[in-house]
Amino acid sequence: MYRGARLSRGLIAKTTTDSRTKADAALNRIWRNDEDGRAILLHITDAGLAAIGVEPEGGDSAPTGADEAPSAEPTHDAPAEADPAPKARTPRTGTKPAKLIEMLRAEGGATIDEIVAETGWQPHTVRGAFAGALKKKLGLEVASEKVEGRGRVYSLPRD
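Since the structure is predicted, the reported quantities are computational estimates derived from the model, not experimental observations.

A short note on the nonpolar core
Right, so step 1: Ranked by internal contacts, the top residues of the largest apolar core, which has 15 residues, are Leu100, Leu104, Ile115, Val126, Phe130 and Leu134.
Right, so step 2: Leaving out residues up to four positions away in the same chain, Leu100 has contacts with Ile115, Trp121, Ala129, Phe130 and Leu134.

In structure tokens, the structure reads:
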């Protein structure tokens, strides 16, 4: 789906700022500039989050400071900080990511073949979901162990 379709469906929104910072594909911070040279930013809306199976955190879906374009120059006076912990988002109930988490939290965990059978995903998609959706986005640590007669079994700590 192209940006125009995502914009027209309300999955993403654009914000024009007063900043005259030039769009730079290498920096990937500003989508483009308008006729007056002002920076235009894109951000995901609550509808866009819902479309990918992520519950909105509430309030305005625009990122903090969305009305200001990020500077192309790094700030030298700001102290270097470690990356903050991932935001605590949870997938919508009834979605494949929610089913994946349910399977991994069940007694005995799940194998990749079991997850493939349940979700219809390819094995590489399952492994990608472990690294991307679960680890990076949700901050969950997927454990694995070899189990006699089952092979490699993956699990998440239960709440």
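Now that the structure has been shown, we can carry on.
Some points on the environment of Arg32
Right, so step 1: Tracing the sequence through the fold places Arg32 in strand S2 (residues 32–33).
Right, so step 2: The partly exposed category is assigned to Arg32, whose relative accessible area is 33%.
Right, so step 3: In sequence terms Arg32 and Lys22 are 10 residues apart; their C-alpha atoms lie 7.6 Å from each other.

A few points about the sheet that holds S2
Right, so step 1: The 3 strands are arranged S1-S3-S2 in an open sheet whose pairing can be described as antiparallel. Only two strands of the sheet have a single neighbouring strand rather than two, namely strand S1 (12–16) and S2.
Right, so step 2: In terms of strand pairing, S1 meets strand S3 (residues 39–44) through 5 bridges, oriented antiparallel. The residue bridging Thr15 from the neighbouring strand is Leu41, located in S3.

Reading the values: rules and limits
Residues numbered from 1 in each chain as written. Predicted model: local features only at pLDDT ≥ 70, side-chain atom pairs only at ≥ 80, totals over all residues. Heavy atoms only, no water. Core = buried A, V, L, I, M, F, W, Y, C linked by side-chain atoms within 4.5 Å. Buried < 20%, exposed > 50% of the residue type's maximum accessible area, 1.4 Å probe, protein only. Contact = heavy atoms within 4.5 Å. Helix = DSSP H or I, 4+ residues; strand = E, 2+ residues; numbered from the N terminus. Pairing = 2+ DSSP bridges.

As far as function goes, none of this settles anything; it's purely spatial.
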